[in-house]
Amino acid sequence: MFNGKLIILSAPSGAGKTTIVKKILERCKNELAFSISATSRTKRSNEIDGKDYYFLSESDFKCKVSNNEFIEWEEVYKDLFYGTLKSEVEKIWKNNQHVIFDIDVKGGLNLKQQFNSNALAIFIKPPSEEILKQRLINRNTESDENLTIRLNKVTEELTFAPQFDVIIVNDTLEQAIQEVELAIKQFIGNQ
């Protein structure tokens, strides 16, 4: 029987975790599948429902919480909820693949706590807070208000790094990708 594992990548916004996850999925597409998170936030113009996120209204999200349909969920920002649907993980494991997550820091630690040795929690750390702030500004995907909210949260999120199994500094993207890939291969090789 397949022993599905969880690969958790967490970081403050702008640290590069989404880019790293996409590259890892290209390189390990047979072993890994992406867990699409649910969120109550508004869809960005470049995002696709059911591919980037499952976009739910706040009331639909809360209904799923009440029905115990999430493995984990968080109110990441005021009135903005994110979570992992149980059905999403079960679907991936049924395909004999391990699950890879691109998830907020608290959600990542929550998953690690639940799945213990069946989960590898990787924290992607920016080279500095200043570089991270510049990356967020350059990304140009947030309103000024949302950018301020995300920037204010960076310092707090960085304090959680020591609770992760592996910390990888994303100074040079290709090097960070290689380090993440090596950590994953060592982890899933231990089945």
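Our subject is the structure listed above.
A short tour of the structure in this document, coming up. (Residues numbered from 1 in each chain as written. Predicted model: local features only at pLDDT ≥ 70, side-chain atom pairs only at ≥ 80, totals over all residues. Heavy atoms only, no water.)

Turning our eyes to something else, we now look at the overall build of the chain. Looking only at helices and strands, one finds seven helices and nine strands in the chain. The globule rule puts the C-alpha radius of gyration for 191 residues at 16 Å, and the 16 Å found for the chain is close to it. Once the C-alpha set of the chain is aligned to its principal axes, its extents read approximately 50 × 40 × 30 Å. With 191 residues in all, the chain has 48% of them scored as buried. In the chain, 69% of the contacts between residues at least 6 apart in sequence involve partners at least 24 apart. With 25 positive and 28 negative side-chain charges, the chain shows a separation of 3 Å between the mean positions of the two kinds. (Helix = DSSP H or I, 4+ residues; strand = E, 2+ residues; numbered from the N terminus. Rg over C-alpha atoms; globule rule 2.2 N^0.38 Å. Buried < 20%, exposed > 50% of the residue type's maximum accessible area, 1.4 Å probe, protein only. Contact = heavy atoms within 4.5 Å. Lys, Arg positive; Asp, Glu negative; His and termini not counted. Charge placed at Lys NZ, Arg CZ, Asp CG, Glu CD.)

This part is about the sheet that holds strand E1 (residues 6-10). With respect to topology, five strands assemble into an open sheet ordered E2-E7-E1-E8-E9, the strand pairing being parallel. Edge positions in the sheet fall to strand E2 (32-34) and strand E9 (166-169), since each has one partner strand and no second. Strand after strand, the sheet turns through a mean of 25 degrees between neighbouring axes, direction not considered. The sheet contact formed by E1 and strand E8 (residues 119-125) spans five bridges and is parallel. By the bridge assignment for E8, Ser-10 is matched with Phe-123. (Pairing = 2+ DSSP bridges. Axes fitted to C-alpha atoms, helices over the stretch in contact; angles between N-to-C directions.)

Here we take up unusual backbone geometry. Even without being a glycine, Asp-79 presents a positive backbone phi close to 65 degrees. Within the secondary structure, Asp-79 is located in the loop between strand E5 (70-77) and strand E6 (80-85). A relative accessible area of 37% places Asp-79 in the partly exposed class. Although it is not a glycine, Asn-96 sits at a positive phi angle of roughly 60 degrees. Assignment of secondary structure puts Asn-96 in the loop between helix H3 (86-94) and strand E7 (98-103). Look at Asn-96 and you get partly exposed, because its relative accessible area is 48%.

On to helix H4 (residues 105-115). Listed as buried for H4 are Val-105, Gly-107, Gly-108, Leu-109, Leu-111 and Lys-112. Summarising the contacts, the buried residues of H4 are in contact with E1, E5, E6, E7, E8 and helix H6 (144-158). For H4, the capping residue at the N-terminal end is Asp-104, with a side-chain oxygen 3.2 Å from the backbone nitrogen of Lys-106. At the C-terminal side of H4, Asn-116 shows a positive phi close to 45 degrees. (Polar contact = N/O pair within 3.5 Å; in protein donor to acceptor, adjacent residues only side chain to side chain.)

The computed volume of the largest pocket comes to approximately 1,200 Å³. Lining the largest pocket we find 38 residues, and of these Thr-18, Arg-44, Tyr-53, Asp-102 and Arg-139 sit closest to its centre. At seven residues, the largest contribution of residues to the lining of the largest pocket is made by helix H1 (residues 17-27). Looking at the lining of the largest pocket, its residues break down into 13 nonpolar, 10 polar and 15 charged. The volume enclosed by the second largest pocket comes to roughly 180 Å³. (1 Å grid on protein atoms, 1.4 Å probe; cavity = no way out; pocket = protein on both sides within 12 Å on 5 of 7 lines; lining within 4 Å. Points joined across faces, edges and corners; volume = space filled by probe spheres on them. Nonpolar A, V, L, I, M, F, W, Y, C, P; charged D, E, K, R; others polar.)

On inspection of all chains with the given rule, the structure shows 12 salt bridges. A salt bridge links Arg-44 to Glu-47; the shortest N-O distance between them is 3.9 Å. Residues joined by salt bridges that share partners form a network here, namely Arg-27, Glu-174, Glu-181 and Lys-185. (Salt bridge = Lys/Arg side-chain N within 4 Å of Asp/Glu carboxyl O.)

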